[in-house]
Amino acid sequence: MRSSESIPPSAGPEEDSGVRLCDRPGCNAEGLYRAPRSREALNSYYWFCLEHVREYNLAWDYFKDMGEESIEQIRRRDAVWQRPSWPFAGARKTNGGAPNGQFRDDFGFFAEETAETAASKGRFPPNSKQAKALAALNLSPNATLDEVKARYKSLAKELHPDRNGGDSEAEERLKIINLAYSDLKAAF
């Protein structure tokens, strides 16, 4: 099969009945199937019969005579549907963005919201095992491992059976504290 550039456009006029003939020279079959003329003219078509469009498609090579760099650029542009894109995060500034993936809030619209969400949100999801463990230790959702260790140590001393004379409530509370501490140690 000849390359797409070497096939001349249909020289014969369409029949009076409005039937489009195959653009392959010497073929008088109806041209029902379109095929692009070239990589540069993807919206301009040849019209072929089924046999010749199959032959044309087997020989079609969009990337013919292109280098690796050109092919890679096309592949990258196609990954984002030929639309421009910018990185969300990174150390460099891009078009009004701030470094490290933060956006610039010139008017301070989001300053209150971020302060509120930071205070309300903790390190763990609200109903998670770790959040419940922090609540059992009477710690804030943003507690650090050092705070957890210090709180566990003070509660373990306070609730120890030797110190409470065998109080069953203190023993149960100590068991809960031990489980909470082991869960938090594993999470940090």
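Counting restarts for each chain: residues are numbered from 1 in the order of the written sequence. For a predicted model such as this one, the threshold for reporting local features is a pLDDT of at least 70, and the threshold for listing and counting side-chain atom pairs is 80 or more; totals across whole chains, interfaces and linings nevertheless cover every residue. Only hydrogens and water are set aside when side-chain values are computed; all heavy atoms of the structure are taken into account.

Participant: Looking at this structure, I do not really get a nonpolar patch on the surface. What am I missing?
Facilitator: The grouping of Leu32, Tyr33 and Leu50 at the surface amounts to a nonpolar patch, some 260 Å² of accessible area in total. A helix here means a DSSP run of H or I that spans at least four residues, while a strand means a run of E at least two residues long, and both kinds are numbered starting from the N terminus. Tracing the backbone shows Leu50 in helix α1 (residues 50–59). Put simply, a patch holds well-exposed residues, over 30% relative accessible area, that have no salt bridge, with like charges counted together within 9 Å and Val, Leu, Ile, Met, Phe, Trp or Tyr side chains within 5 Å. In these tables, accessible area is a Shrake-Rupley quantity obtained with a 1.4 Å probe, and a residue counts as shielded only by the protein chains included in the view. Salt bridge, as used here: a side-chain nitrogen of Lys or Arg that lies within 4 Å of a carboxyl oxygen of Asp or Glu.

Participant: It is not clear to me how unusual backbone geometry should be interpreted in this structure. Could you clarify?
Facilitator: Glycine aside, residues mostly have negative phi, and peptide bonds are mostly found in the trans state. With phi around 65°, Asp65 is a residue other than glycine that occupies positive phi space. Along the chain, the position of Asp65 falls in the loop between α1 and α2 (68–79). When its relative accessible area of 74% is taken as the criterion, Asp65 is described as exposed. With phi around 60°, Asn138 is a residue other than glycine that occupies positive phi space. For Asn138, the position within the fold is in the loop between α4 (129–136) and α5 (145–159). Relative accessibility decides the category of a residue: with a 1.4 Å probe and only protein chains considered, values under 20% of the type maximum give buried, values over 50% give exposed, and everything between is partly exposed.

Participant: I'm lost on the confidence of the model for the chain in this one. Help?
Facilitator: Detailed reading of the predicted coordinates is not advisable wherever pLDDT is low. Here pLDDT means the predictor's own confidence in every residue, given as a number from 0 to 100. Confidence in the prediction of the chain, expressed as mean pLDDT, is 80, and 76% of residues score 70 or more. By definition in these notes, contact holds between two residues if any of their heavy atoms fall within 4.5 Å. Contacts for the low-pLDDT stretch residues 93–97, under 50 throughout, to residues beyond four places or in other chains number six contacts.

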